[in-house]
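Structural overview
These are the residues of each chain, in order.
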2 protein chains.
Amino acid sequence: MGESSSERTSRRGRRPAGQDARAAILAAARAEFTERGYVAASVRSVARRAGVDPGTVRHWYGDKARLLSAALGLGEISPTEIVRQAVEGPLDTVGERLLRAALTMWDDAGPEPLRIALPAVLSDPELRALMPQFLLAEILGPIARRLPPGEAALRANLLGTQMVGLMMARYVVGLEPIASLPADAVVAAVAPTLQRYLTGELPEAAAVGA
Amino acid sequence: MGESSSERTSRRGRRPAGQDARAAILAAARAEFTERGYVAASVRSVARRAGVDPGTVRHWYGDKARLLSAALGLGEISPTEIVRQAVEGPLDTVGERLLRAALTMWDDAGPEPLRIALPAVLSDPELRALMPQFLLAEILGPIARRLPPGEAALRANLLGTQMVGLMMARYVVGLEPIASLPADAVVAAVAPTLQRYLTGELPEAAAVGA
DNA sequence: AGCATAATTCCTCACATGAGGAAAAATCTG
DNA sequence: CAGATTTTTCCTCATGTGAGGAATTATGCT
């Protein structure tokens, strides 16, 4: 964890043009958050890794939460928008469309953001407590609005269970063979489940319980 | 967070018989780990909450990892054993048996152990890296051994995705309505998925990808 | 009753963290 | 070119952490 003085100048003041401290900080943050977890990583450990002073990190990103947001690139993709688009179209293929959209999003981003964000959120009871509202409003809500009332919430919930489980196994944990299965194979196996949850027969006992 | 001197004596030495410091420490640990997350909770914060000195915590439980194990009551229930028992019997109802066993185990324990353990494990890249092996060996392995070779691993994986997703939604996140759905209703909705994953038709594209 | 053992606190140490602010150095602008 | 602005480090502070060990006090055993 020692800083290499060949990589880090010790004089105060502005660096010559062309050096991108912000990018180095963000890359270091992603690495630190991934390797140590958000809580155990510190602003100082990120700064050390980036080869800058902690004051520089603070200057650009303020506190650690904002550094996390920046490192995750939040705001660049909107899961809500992705869901909204996928949910449009015929209902008898909505399961597959949602799954493909999610797999594309996750595959594009790689496992890092999920591996950083999920434990960070789950470790904080206040953030964790916000997740149901967020999920219902932003992810499952647009789906439920396409379904007949009465079972819509339960059906969207069930879809959520399968999607989050797949996300966990494939991206967060890296469970094989599903972690390296081609997307088409995943869709072939899992989309029928999603479709049944959304539009298929739910046994009476499930519906009564809702 | 301040300690109440009416609850804590300040003299050194053994306490009169009848006071159970260990139980108080474990209860405090569970509360602290749940409310702050494992990493952010400290041995000192646990001790403060329990009304004892940090040295006492250290005396009984050594380091924080061992305190976590004790607080979670690890060793009292064996998921592996539960899976092994549920997997015995006719294959055409194994999905439901596994699900009932898991729901019982989770319901009995309440959300706390999962809310403590999951972020703790996922925040630590070394522990996280061990999860696939553990899951495959201890949970999914006994299931896969009951299935015909060739697709056994994929089928067990698929079952795992649904189970972990259900666990996340129902217990960790508290997503409604599934969080408060009666177990029978959950089984009615989800067991057919598990059964299909284990013994049902998997589309060709899924099987080829495995 | 006396001694050994067990349980608990107090003390100390080295180290780490987030945060604020001032000084220094490069760039930008008119 | 000079001054303003931007960027970066150094310095300081208050607070917290894990860990080791010795002193103290109650219990257990003979």
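Worth saying up front: this structure is predicted, and the values here are computed from it rather than measured.

**Here's the deal with the interface of chain B and chain A**
Of the residues lining the interface, 52 residues belong to chain B; the matching set on chain A comes to 52 residues. Taken together, the two surfaces of chain B and chain A that pack against each other cover about 4200 Å², and 71% of this comes from carbon and sulfur. The interface formed by chain B and chain A includes zero salt bridges. The interface formed by chain B and chain A contains 15 residue pairs in polar contact (both at pLDDT 80 or more). Looking at the side of chain B that touches chain A, the elements with two or more residues in it are helix H1 (21-36), helix H7 (112-123), helix H8 (125-144), helix H9 (152-173), helix H10 (183-199) and helix H11 (204-209) of chain B. Among the elements that take part in the side of chain B that touches chain A, H9(B) stands out by supplying 13 residues, more than any other. Tallied by class, residues from the side of chain B that touches chain A come to 35 nonpolar, ten polar and seven charged.

**Notes on unusual backbone geometry**
Following Glu176(A), the chain continues into Pro177(A) via a peptide bond in cis, with omega recorded as 10 degrees. By the element assignment, Pro177(A) lies in the loop between helix H9 (152-173) and helix H10 (183-199).

**A few points about H9(B)**
Between its terminal C-alpha atoms H9(B) stretches 30 Å, which fits the 32 Å expected from 22 residues at 1.5 Å a residue. Most of H9(B) is tucked away, with 20 of its 22 residues classed as buried.

**Points about the environment of Asp53(A)**
For Asp53(A), the position within the fold is in the loop between helix H2 (43-50) and helix H3 (54-61). Distance from Asp53(A) to Val43(A), taken between C-alpha atoms, is 9.6 Å for residues ten residues apart in sequence.

**What about the protein's contact with DNA strand D?**
In the region of DNA strand D, 27 residues are neighbours, and Ser10(A), Asp53(A), Thr56(A), Trp60(A) and Arg44(B) sit closest. Protein-proximal atoms of DNA strand D, defined as those within 4 Å of the protein, fall in sugar or phosphate at a share of 65%. Take Gly13(B): an N or O atom from its main chain is 3.1 Å from a base oxygen of DNA strand D. Taking Arg58(B), its side chain carries an N or O atom lying 3.0 Å from a base nitrogen of DNA strand D. Of all the secondary-structure elements, those providing two or more residues to the surface near DNA strand D are H3 of chain A together with helix H2 (43-50) of chain B. It is H3(A) that provides the largest number of residues to the surface near DNA strand D, a total of four residues. The residue makeup of the surface near DNA strand D, split by class, is six nonpolar, seven polar and 14 charged.

Rules behind the numbers
- Residues numbered from 1 in each chain as written.
- Chains lettered and ligands numbered in written order.
- Predicted model: local features only at pLDDT ≥ 70, side-chain atom pairs only at ≥ 80, totals over all residues.
- Heavy atoms only, no water.
- Contact = heavy atoms within 4.5 Å.
- Buried area = accessible area lost by both parts, 1.4 Å probe.
- Salt bridge = Lys/Arg side-chain N within 4 Å of Asp/Glu carboxyl O.
- Polar contact = N/O pair within 3.5 Å; in protein donor to acceptor, adjacent residues only side chain to side chain.
- Helix = DSSP H or I, 4+ residues; strand = E, 2+ residues; numbered from the N terminus.
- Nonpolar A, V, L, I, M, F, W, Y, C, P; charged D, E, K, R; others polar.
- Expected span 1.5 Å × (residues − 1).
- Buried < 20%, exposed > 50% of the residue type's maximum accessible area, 1.4 Å probe, protein only.
- Near = heavy atom within 4 Å.

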